[in-house]
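Chain by chain, the residues run as shown.
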Amino acid sequence: MEIYVSTDVETDGPIPGPNSMLSFGSAAYLADKTLLSTFEANLETLPAAQGDPKTMTWWATQPEAWTACRENLQSPETAMVRYLQWLKELPGKPVFVAYPAAFDFLFVYWYLIRFAGESPFSHSALDIKTFAMAMLGSDYRDATKRRMPRRWFDPIPHTHRALDDAIEQGALFCNMLQEHRGGEHDGDK
């Protein structure tokens, strides 16, 4: 059985190593949108890393989210070992799901390999934007949340807090998956 692990990261720059993952959250869903479990952690920054100036300028506009991701910090080693254990205890095979997967997976995979020695996701991630492109029959750059049907969205706010956003995006993915599997797609609704 596949478990869809919707994941969101908050970072201080575009790439791991020179920049740090500040926090991440994962919400483990069944295909029917049953939320099985969640995981979240706020991380200490990497010793030699520095915040990217553009990213830090953006963070200055998000003071509540910044404060939230800087509380109760854990070392990356501690957090990623705990996360790996959480993933292994899920009742099925974890599938990494994100929006956009390329960015979030980059950080999570790098941190898992660096600090926990392995990734149960292998080398793959499911991108919600790409799935939307396929369902809508649109170009990739046109498959934005603004252009997605409102029925795909649950009334969950996007707060830039990693776990909140992982839950929101996981529900979005499950709604899309249910519609796709049910053959009920109608992009004009």
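Note that the coordinates shown come from a computational prediction; the quantities given were computed from them, not determined experimentally.

What counts, and at which threshold
- Residues numbered from 1 in each chain as written.
- Predicted model: local features only at pLDDT ≥ 70, side-chain atom pairs only at ≥ 80, totals over all residues.
- Heavy atoms only, no water.
- Pairing = 2+ DSSP bridges.
- Helix = DSSP H or I, 4+ residues; strand = E, 2+ residues; numbered from the N terminus.
- Contact = heavy atoms within 4.5 Å.
- Axes fitted to C-alpha atoms, helices over the stretch in contact; angles between N-to-C directions.

### Points about the sheet that holds strand S1 (residues 2–11)
And step 1. In space, the six strands of this open sheet follow the order S4-S3-S2-S1-S5-S6, with mixed pairing throughout. The open sheet has two free edges, formed respectively by strand S4 (73–74) and strand S6 (126–127), since each of these has just one partner strand.
And step 2. The pairing of S1 with strand S5 (residues 93–98) spans five bridges and is classified as parallel. Considered in S5, the bridge of isoleucine 3 is made with proline 94.
And step 3. Its contacts with the sheet place helix H3 (residues 76–89) against S1, strand S2 (21–29), strand S3 (35–43), S4 and S5, and it is angled at close to 170° to S3.

### Looking at unusual backbone geometry
And step 1. For the peptide bond that leads from tyrosine 99 to proline 100, omega is -5°, which places it in the cis range.
And step 2. Of note, proline 100 is situated in the loop between S5 and helix H4 (101–116).
And step 3. The backbone phi angle of serine 122 is positive, close to 60°, even though this residue is not glycine.
And step 4. Following the sequence through the fold, serine 122 ends up in the loop between H4 and S6.
And step 5. Despite not being glycine, histidine 160 shows a phi value in the positive range, around 65°.

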